[in-house]
Amino acid sequence: FGEANSQEDMSWIYIFITGFLGGLLALFTPCVWPIIPMTVSFFLKRSKDKKKGIRDAWTYGASIVVIYVALGLAITLIFGASALNALSTNAVFNILFCLMLIVFAASFFGAFELTLPAKWSTAVDSKAEATSGLLSIFLMAFTLSLVSFSCIIGFLLVQVSTTGSVVAPAIGMLGFAIALALPFTLFALFPSWLKSMPKSGGWMNVIKVTLGFLELAFALKFLSVADLAYGWHILDREVFVTLWIIIFTLLGF
């Protein structure tokens with residue numbers, strides 16, 4: 001029993017780290033990176049009191065964490081523990097997730113732009129400008145959440161939803177949100193760091209293409225579950241490893 005608990009704790013740590021790394025990757029995507037200096041400048045300029053600007057930035061970071069953890073808990077409440085466990089082994093869902101990741105990869109490779117409806121984020125953004133105080137900060141955080149969702153969060157949701165763990169979505173979202181909120185808070189505390197922040201440019205394309213290859217690699221993992229369930233034997237260990245070698249060799253090039 002103790003060993004089972006230890007393994008579960010380790011899997012939670014793994015999910016948190018996966019979420020945190022996902023959040024760090026999301027920061028460097030064209031969806032999020034350009035927003036950082038604009039948002040931090042907004043906090044520092046809207047108040048003559050620097051302490052208030054810093055407090056607002058902390059509130060903004062905390063709002064991001066609350067929004068994403070709530071999203072993770074909502075997934076568990078909507079699907080339930082048994083459904084999440086079923087998802088982790090269900091062949092049809094694994095095929096669907098595989099196809100979803102291929103679509104995400106194609107988007108990162110530049111085949112098309114995958115975005116949520118612009119009117120969603122515009123509506124929330126305009127509402128944030130129309131209000132004041134803590135509500136406006138929360139709505140700004142919600143706008144960032146909508147923007148980052150279309151970049152990488154969909155991929156992370158697929159990953160944590162198929163682990164079969166009830167609390168996995170909330171833990172994954174917590175890790176993601178902390179990584180996403182960290183730079184906004186740090187740059188608000190140390191505004192001079194903004195000057196040394198790399199400008200948006202071609203390096204973002206390198207990150208997008210890298211993410212595309214990683215999503216293809218993960219897509220094979222979901223396909224292998226379906227292959228095992230149906231007994232197709234088209235993705236045996238040797239084939240799987242060979243395809244991963246090809247994917248990461250292409251990534252290297």
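Note that the structure is a prediction, hence the values are computed from the model and not measured.

> What is the right way to read helix α8 (residues 203-230) from this model?
Over its 28 residues, α8 runs 42 Å from end to end, which matches the ideal 40 Å to within 8%, given 1.5 Å per residue. Phi turns positive, to about 70°, at G231, one or two residues after α8.

> Looking at this model, I keep getting lost on the environment of P34. Mind explaining?
In this structure, P34 sits in the loop between α1 (2-27) and α2 (35-45). The partly exposed category is assigned to P34, whose relative accessible area is 28%. Residues P34 and K199, spaced 165 residues apart in sequence, show a C-alpha to C-alpha distance of 8.1 Å.

> So what exactly am I meant to see when it comes to the nonpolar core here?
What tends to happen in soluble globular proteins is that the nonpolar side chains get buried as a cluster. With 28 residues, the main nonpolar core has I36, Y60, I64, L144, L180 and F184 as its most contacted residues. At the level of secondary structure, the elements contributing two or more residues to this core comprise α1, α2, α3 (50-89), α6 (133-161) and α7 (168-189). The leading source of residues in this core is α7, at eight residues. Among residues more than four places away in sequence, those in contact with I36 are L27, P183, F184, F187 and M197.

> Please explain the packing of helix α4 (residues 91-108) against α8 as it appears in this structure.
Two packed helices can be described by the angle between their axes and the distance between those axes. Where α4 contacts α8, the axes come no closer than 8 Å and their chain directions differ by 165°. The orientation of α4 relative to α8 falls into the category roughly antiparallel. Crossing of α4 over α8 shows left-handed handedness. For the contact of α4 with α8, the residue count by class is 21 nonpolar, two polar and two charged.

> I keep staring at a nonpolar patch on the surface and nothing clicks. Help me out?
Judged by side-chain polarity, V92, F93, L96, L99, I102, Y230, W232 and I234 come together as a nonpolar surface patch covering roughly 760 Å² of accessible area. Here the nonpolar patch takes five residues from α4, the largest share from any one element. Among the secondary structure elements, L96 is positioned in helix α4. What makes L96 partly exposed here is its relative accessible area of 45%.

Reading guide: rules and limits
Residues numbered from 1 in each chain as written. Predicted model: local features only at pLDDT ≥ 70, side-chain atom pairs only at ≥ 80, totals over all residues. Heavy atoms only, no water. Helix = DSSP H or I, 4+ residues; strand = E, 2+ residues; numbered from the N terminus. Expected span 1.5 Å × (residues − 1). Buried < 20%, exposed > 50% of the residue type's maximum accessible area, 1.4 Å probe, protein only. Core = buried A, V, L, I, M, F, W, Y, C linked by side-chain atoms within 4.5 Å. Contact = heavy atoms within 4.5 Å. Axes fitted to C-alpha atoms, helices over the stretch in contact; angles between N-to-C directions. Parallel < 35°, antiparallel > 145°, perpendicular 65-115°, else oblique. Left-handed = near helix turned anticlockwise from the far one by under 90°. Nonpolar A, V, L, I, M, F, W, Y, C, P; charged D, E, K, R; others polar. Patch = residues over 30% accessible without salt bridge, like charges linked within 9 Å, V, L, I, M, F, W, Y side chains within 5 Å. Areas by Shrake-Rupley, 256 points an atom, 1.4 Å probe, with all protein chains shown as cover. Salt bridge = Lys/Arg side-chain N within 4 Å of Asp/Glu carboxyl O.

That's the geometry; what it means functionally is another story.
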